[in-house]
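# Results of the structural survey
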Amino acid sequence: MVMLSEAKTYQAYYTRSAPIVDYMVNMLSLKPADRIFEPCAGDGVFVDALLNLYPDSEIDVCELNTQSVKELLTKFSAYPNVHIRECDTLLDEDLNLNSCFGGIYDKIIANPPYGAWQDYSKRTVLKKIYPDLYIKESYALFLYRSIELLKEDGILSFIIPDTFLNLHTHKALREHILSKTQIIELALFPSSFFPGVNFGYANLSIITLRKKSAPNECMNNTFPVIKGFNNVNQLYNIHKQELSITTYKQGDIFHNPDHAFYISDNNNLLYLINHAETRIGDIAECVTGFYSGDDKQYLRVSSPDLRNGKNYEVISADYINNDYSKIPNVLNGIEGKKCFIPIVKGGNAKYIKPENWYMNWSSEAVYHYKTDKKARFQNPRYYFRFGIGVPMISSSSISASLIEKKLFDQSIVGVFPKDESITYYLLAFFNSPTCNKLIRTINPSANNPANYIKKIPFIIPEKSILNYISEKTIGIIDSIKTSNSYDENTEFEIWEIIKNIYKI
Ligand SMILES: C[S@@+](CC[C@H](N)C(=O)[O-])C[C@H]1O[C@@H](n2cnc3c(N)ncnc32)[C@H](O)[C@@H]1O
């Protein structure tokens, strides 16, 4: 029995799903003489399944939680071949030794803790052992550790979030996987398939791989990526069901920017992402915006009825400064009573956002922003410039709106084209399904930080088309400003043109 607080500390989410357990055990191609490792056993669900197949298998089991270890010892007391230890798999000295000598296990199976909290002293030690890895993400450390513990040709199967496939922070882990192992199969499915879990930030994956020391054997390896699951039972019969199965060559992925796994059935799209001559980062500056350090104190709202606005003071028109852009040295603040200026915040509005939020921009407040530890007076040379705001988090499709010489906050990536004349075309592109396909292949999570936006391939069409789309987009913006709506047919027309430009 695991208490809620323990679940947080140990990330003790047990694999109570027969299809997942059976699929993973099956992927190991077990043999009776295999030496097996379960690095974070919990209540031993994988050990049960392994023993069901071969009751005499030699299985080493590690677990950090004292109570779970006690229960494991009782549960498997009839099995002298199951060796249970209370230890920290990431730091354990015996395991250090075994990985130094090239690994000792034929098979490893795990559902490691995801994002488990590590105290600061432990983080320092982990940073020494795993210098290239993102140590805040425990699953990445478990996976790396386990690859080191496999013998040559040993196989592991792990169920983990799919964030290692694309996030910049996992670049070193990807390099390790691609150059030290052969991926046997990668299955991708919604996190809701895992009982009791449904994290919005990513999907789940089961990766099965074989350790291989010869780099060319790794690079020449091909493996299937299986997607399109409708329910977890499809894991029972993977190749027969109507799933999306695409084969990738490991060397191709290794040569992708940042070794990222771009997964798509659309070959034109993959080609474009990997070989684009021009990307958003080449034609525009992409920067994160401002944070006051204490929005409750410094931020005001236009109406108490505004979404997420009820915790903020409502502003009176007397305090709003509409001529701030004409003030010399406005980056040092504004003197006098009219010292509140509009700020563009996140949220999924397309093309243009109504002015609803105002920031205190008095000289005293600006001094605070520049000196306070929590405040972020970052990228100020982009404040009050003409550009585009892309929300850092998009619940559905990526969206973008104009920044009309305003301040923008840190929930937005400000995109400022080097050539201002393409701003409206770029705005139309960011709001198109074509751009959404590209960004979601580059980073499937709902996040759009600047580094991923910079990677989006960008194609500038011929001038007449650029002008046509710009005019139509300005028309949409005018219509939103005057009537708070726009003709969706115009938008569809723009989307079709952009689709034809990108051919994806
Ligand atoms: C997500 S649960 C999975 C348990 C089990 N393998 C399953 O699939 O049901 C992760 C387990 O790892 C254990 N754990 C967390 N950090 C650990 C560490 N550093 N070393 C060993 N075990 C750890 C937790 O106590 C928890 O039981």
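Here is a short report on the structure shown in this document. (Residues numbered from 1 in each chain as written. Predicted model: local features only at pLDDT ≥ 70, side-chain atom pairs only at ≥ 80, totals over all residues. Heavy atoms only, no water.)

## Side note on the overall build of the protein chain
Of regular secondary structure, the protein chain possesses 19 helices and 17 strands. Projecting the C-alpha coordinates of the protein chain onto the three principal axes gives extents of approximately 80 × 50 × 35 Å. By residue count, 54% of the 504 residues in the protein chain fall in the buried class. Across the protein chain, the fraction of contacts at a sequence separation of at least 24, relative to all contacts at a separation of at least 6, is 69%. Summed over its atoms, the accessible surface of the protein chain is roughly 23000 Å², and 50% of this surface lies on carbon and sulfur atoms. The average position of the 53 basic charges and that of the 56 acidic charges among the side chains of the protein chain differ by 4 Å. (Helix = DSSP H or I, 4+ residues; strand = E, 2+ residues; numbered from the N terminus. Buried < 20%, exposed > 50% of the residue type's maximum accessible area, 1.4 Å probe, protein only. Contact = heavy atoms within 4.5 Å. Areas by Shrake-Rupley, 256 points an atom, 1.4 Å probe, with all protein chains shown as cover. Lys, Arg positive; Asp, Glu negative; His and termini not counted. Charge placed at Lys NZ, Arg CZ, Asp CG, Glu CD.)

## Thoughts on the pattern of salt bridges
With the rule as written, the count across this model stands at 18 salt bridges. With a shortest N-O distance of 2.6 Å, K212 and D153 are connected by a salt bridge. Placement of K212 in the loop between β7 (204-211) and α9 (215-219) and of D153 in strand β5 (residues 150-161) is noted, with a sequence separation of 59 residues between them. The class of D153 is partly exposed, set by a relative accessible area of 40%. When the shortest N-O distance is used, the salt bridge between K345 and D409 registers 3.3 Å. With K345 in the loop between β13 (340-344) and β14 (357-360) and D409 in the loop between β16 (401-408) and β17 (412-417), the pair connects residues that are 64 residues apart, well separated along the chain. Accessibility assignment for this pair places K345 and D409 in one class, buried. Put simply, R85, D92 and D94 are held in one network by salt bridges that share partners. (Salt bridge = Lys/Arg side-chain N within 4 Å of Asp/Glu carboxyl O.)

## Some points on the packing of helix α18 (residues 463-483) against helix α19 (residues 488-502)
Each pair of packed helices can be summarised by the angle the axes make with each other and by the distance between the axes. Running from N to C, α18 and α19 point in directions that differ by 150°, and their axes come no closer than 10 Å. Our classification of the angle between α18 and α19 gives roughly antiparallel. At the point where α18 passes α19, the crossing takes the left-handed sense. Residues I465, Y468, I469, K472, T473 and I476 of α18 touch α19, and the partners they reach there are T490, E491, E493, I494, I497, I498 and I501. Taken together, the residues that form the contact of α18 with α19 break down as eight nonpolar, two polar and three charged. (Axes fitted to C-alpha atoms, helices over the stretch in contact; angles between N-to-C directions. Parallel < 35°, antiparallel > 145°, perpendicular 65-115°, else oblique. Left-handed = near helix turned anticlockwise from the far one by under 90°. Nonpolar A, V, L, I, M, F, W, Y, C, P; charged D, E, K, R; others polar.)

## Structural notes on the site of the ligand
Taken together, 24 residues lie around the ligand, and Q11, T15, C40, E63 and D88 are the ones closest in. Contact between the ligand and C40: a nitrogen atom at 2.9 Å from a main-chain N or O atom of the residue. Expressed as a share of its isolated accessible area of 590 Å², the protein-covered part of the ligand is 98%. Broken down by class, the residue content of the shell around the ligand amounts to 14 nonpolar, six polar and four charged. (Near = heavy atom within 4 Å. Polar contact = N/O pair within 3.5 Å; in protein donor to acceptor, adjacent residues only side chain to side chain.)

## A look at the packing of aromatic side chains
Under the criterion given, the structure shown has 33 aromatic pairs. Taken together, a centroid distance of 6.4 Å and an interplanar angle of 75° make the contact between Y139 and F164 edge-to-face. Of the two residues, Y139 is situated in helix α7 (residues 138-149) and F164 in the loop between β5 and α8 (171-180); the sequence distance between them amounts to 25 residues. You can call Y139 buried: its relative accessible area is 0%. Arranged with centres 4.8 Å apart and planes meeting at 80°, the rings of F290 and Y369 form a pair that is edge-to-face. Separated by 79 residues along the polypeptide, F290 in the loop between β10 (284-288) and α13 (295-298) and Y369 in helix α14 (residues 363-371) bring together distant segments of the chain. When its relative accessible area of 1% is taken as the criterion, F290 is described as buried. Owing to a relative accessible area of 1%, Y369 belongs among the buried residues under this scheme. Put simply, the rings of F290, Y298, Y324, W361, Y369, F377, Y382, Y383, F384, F408 and F416 touch in pairs and so form one group of aromatic residues. Stacked on the ring of W357, the Lys or Arg K345 has its end atom at 5.0 Å from the ring centre. (Phe/Tyr/Trp six-rings, centres within 6.5 Å; stacked < 30°, edge-to-face > 60°. Lys NZ or Arg CZ within 6 Å of the ring centre and 35° of its normal.)

Nothing here speaks to function; it is geometry throughout.
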